[in-house]
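Working through the structure, step by step
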Amino acid sequence: MHDYKLYKAHINSLEKTLVGAHHRQLVLITGSTVWCYELLGELLQTENTLVVSKNTRLNNAQWPNRTHQILGQEYSHAVYDGFSGLHPDKLAAIAGTVKAGGILYLLLPELSELSTWPDPALSTVQSHGHKVSYSFFNERIARVVQSLPAYHFSELHGCTGNISRESSANKIDFEPQQHCVENIIKVAHGRANRPLLINADRGRGKSAALGLAAAKLIDKKILLCSTQFKATHSSFIHLSNELNIPFDGKSKQLANLQYIAPDSLLDSLPECDLLLVDEAAAIPVPLLLKMLKQYPRIVFASTLVGYEGNGRGYTIRFSQYIKAKYKAANIITLDEPLRFAKADPLERHIRTLLALEAQYEEIQSNGLNNLVHSEITQQQLTNDELLLEQVIALLALAHYQSSVNDLRQLLDAPSQRLFITQTHNHLVGVCLVTIEGGLPLELTEQVLKGERRPQGHLMAQTLSQLSSDPQCLTQLSARVVRIAVAPNLHSQGVGKALLSFCESRVSNECYWFGASFGATAELLKFWQSQGFSTIKLGYQKDKSTGEHSALVVKCLNNNTGTLKRLKAEFQTDIFYALLTHFKHLDWQLVNVLISSFTDRPISSDIKKRLIRQLNNHFSRFSITATIWQVVTLAPSVVNCLTQSDKQLLISLILQNESDTNVIEQLNIQGKKELETCFKQAVLKLAKAIK
């Protein structure tokens, strides 16, 4: 047994300093698993400790599959066992559970070994057939963690660290939280349909504010909605304290506050005076929109710094929607920490380690003639911290699904390639491409039968299954994972130029170039304008965006027969799907889709029938079938119509939408006007038929 008295003395001194300062700290323990576990056992004396580990040798060890399972909880101390795998999202979430005066213990191999250590988490970023034994993510972690003002207990090197021993008494400012509580009360008492959005970093007291507000609204029936009941404990505890009534941690109702899960809420639609939605970023945006529609008095609260995974998707998409649709909506941000004092060391450490504070800096460009495109290796990115942060920030700014794990993916995924665009040495564009395919023939047969789904080959698998061609799996493909351009340079050709550069760099080795994304009319129009063809639209909506996933591809060799067939099959299938699965698909998206389709000859019989119907005082129901045939054979005829005429015919003819929905969407005054508009659109359409 080693003598751990010196380490224990350091911890005792540190804890006293942290309690006085209302701060938290990181303590790094490195060495063999046996030594690290033994030392940890000597240092930890409290039961109120969260231990995240797959190793049962550690007391009370647990390994949450999803970070949502620990959000909203508080512990005196926490342990992250890096020997179970260094997962950035879990590390960030765990740090958020530590209370003031607490310590987060991080267990790892010796830092000199970290980059080549067989990290169990490395497999999560490796595509099938691509394995690496070196981690650039861990190389960066080893370098950055040594620069942090934190204790490092090493089996080889003993105790190091440059922590200040000066004790300071910090005050916590509760005024912003009180202002937040007042705004929640205002939602309950004020006019309907004035939603409140509360955005906060972890530890800012937003969940507590919900409980405090409930205590001041004791005469109101309040529902508290969240994906995890445990995440709402802080709200219930603060309500309990304010009303001086016990809370056992198990009951889902206390006084006027009742917990309800999102699916139960929307299934039963219970009545309430106020709906509070906590950790809203963890709930799919379409569900949030349904809540917004059903409940006129509603508060959404969520954490912004990427612990939730979909946090930025929530911020970008949902916040924009709220601002556009509800002019009287209120959006507030809680900046002041409440669980701990300002300048908290642990918060700074985690943000530095995981590049969570990366902010993209826009520059004003007088011209874009000097764009420089290049490919950046993972080693280059690891060595250039400034460029790394700018890449991360730009990707997060432009994309709706960002995760703390993106950093590890960016630095370690062996099949990934990074292309950037700069002007005057400043980053203005990023394109992340993954190389797929190259699989052995015996595996392709299993994939075609649906028996195997090798990780990281999304586009190659889809191509092979749609075409029944195993070569799509043996050949190499390049799929754009993300492409982002500085917001102030949108619609100036930067993205097109960068995409063209990427294509030139992968065309020598890859047969296909494509992308998969949540389909909107604007996005699809961009990809189609660059020569990409849509060959699939997913039936299931993405949980975060509520959009259907589109797959667009381009053939990079002369063998275009497969692509022509896939395009033709998609064109045939989509017209049936618009009457069924895609009945409520946005009409503008449908318009962009069919604008790329190839016209086929309209038979003389169909033309003659159309003429007869037009000359016989046609009605909508007598001519609909003929118009459907015309549009599905020659989609380009729709181009002659005005926007409102396109919307009307797409909705009524191609999607068979109800009269009620179309009248509401087009703001038409009843069925009589609908019939008149329909006839006028049909007459315009008929003139375009050759």
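Along each chain, numbering runs from 1 in the same order as the chain's sequence is written. Restriction of local features to residues with pLDDT of at least 70 applies here, the model being predicted, together with a cutoff of 80 or more for giving and counting side-chain atom pairs; totals for whole chains, interfaces and linings are based on all residues. Working from all heavy atoms in the structure, the side-chain values ignore hydrogens and water.

1. A few points about the environment of Val553
In this text, helices come from DSSP runs of H or I with a minimum length of four residues, and strands from runs of E with a minimum of two, each type numbered from the N-terminal end. Mapping Val553 onto the fold places it in strand β21 (residues 548-555). Relative accessibility thresholds used throughout: buried, under 20% of the residue-type maximum; exposed, over 50%; partly exposed, between the two (1.4 Å probe, protein chains only). For Val553, a relative accessible area of 0% corresponds to the buried category. Along the chain, Val553 and Met459 lie 94 residues apart, while their C-alpha atoms are 8.9 Å from each other. For Val553, the residues in contact, after removing those within four places along its chain, are Met459, Leu463, Trp512, Phe513, Gly514, Gly531, Phe532, Ser533, Ile535 and Leu563. Contacts are assigned to residue pairs that have any heavy atoms within 4.5 Å of one another.

2. Remarks on the pattern of salt bridges
For this document, the term salt bridge refers to a Lys or Arg side-chain nitrogen within 4 Å of an Asp or Glu carboxyl oxygen. The final tally for this structure, using the stated rule, is 21 salt bridges. With a closest N to O distance of 3.1 Å, Lys342 and Glu336 form a salt bridge. We note a salt bridge from Arg351 to Glu357, for which the minimum N-O separation is 2.7 Å. By relative accessible area, Arg351 is classed as buried at 11%. Judged by its relative accessible area of 48%, Glu357 falls in the partly exposed class.

3. Some thoughts on the layout of surface pockets
Points on a 1 Å grid over protein atoms alone make up a cavity when a 1.4 Å probe fits among them but cannot get out, and a pocket when they form an open set with protein on both sides within 12 Å along at least five of seven lines; lining residues each have an atom within 4 Å of a point. Grid points are joined across faces, edges and corners, and a volume is the space filled by probe spheres set on the points. Of the volumes computed, that of the second largest pocket is approximately 450 Å³. Forming the boundary of the second largest pocket are 24 residues, of which Glu74, Ala208, Ser234, His238 and Arg339 lie nearest the centre. If you tally residues by element for the lining of the second largest pocket, the top one is helix α7 (residues 233-243), at five residues. Of the residues in the lining of the second largest pocket, the class split is five nonpolar, 11 polar and eight charged. Under the scheme applied here, ten amino acids are nonpolar (Ala, Val, Leu, Ile, Met, Phe, Trp, Tyr, Cys and Pro), four are charged (Asp, Glu, Lys and Arg), and all others, including Gly, are polar.

4. So, the state of the cysteines
Cysteine sulfur atoms are paired as a disulfide whenever they fall within 2.5 Å. Scanning all chains against the criterion turns up zero disulfides. With no disulfide of its own, Cys472 has Cys555 as its nearest cysteine by sulfur position, at a separation of 9.2 Å.

5. Points about the packing of aromatic side chains
Pairing of aromatic rings covers Phe, Tyr and Trp, the last counted by its six-membered ring, and requires centre-to-centre distances within 6.5 Å; plane angles under 30 degrees mean stacked, over 60 mean edge-to-face, and any other angle means tilted. Under the definition given, this model contains 20 aromatic pairs. On the numbers, 6.3 Å between centres and 85° between planes, the contact of Phe83 with Trp117 is edge-to-face. Of this pair, Phe83 sits in the loop between β4 (77-81) and α3 (88-95) while Trp117 is found in the loop between β5 (103-108) and α4 (136-146), placing the two residues 34 residues apart along the sequence. According to the relative accessible area criterion, Phe83 is buried, its value standing at 15%. With centroids separated by 6.0 Å and ring planes inclined at 80°, the aromatic side chains of Phe419 and Phe501 adopt a geometry described as edge-to-face.

6. Topic: the nonpolar core
In this structure, Ile29, Leu104, Tyr105 and Phe153 are the most contacted members of the largest nonpolar core, which totals 87 residues. Residues in contact with Ile29, not counting those within four places in the same chain, are Trp35, Cys36, Leu39, Leu40, Leu43, Tyr105, Leu106, Leu107, Leu108 and Phe153. For the purposes of this section, nonpolar cores are sets of buried Ala, Val, Leu, Ile, Met, Phe, Trp, Tyr and Cys residues that join through side-chain atoms within 4.5 Å.

7. Description of the confidence of the model for the chain
When the pLDDT values of the chain are averaged, the result is 89; 95% of them are 70 or greater. Residue range residues 306-311 is modelled with pLDDT below 50. Its contacts to residues more than four positions away, or to other chains, number 22 contacts. Values of pLDDT, the confidence the predictor places in each residue, fall between 0 and 100.

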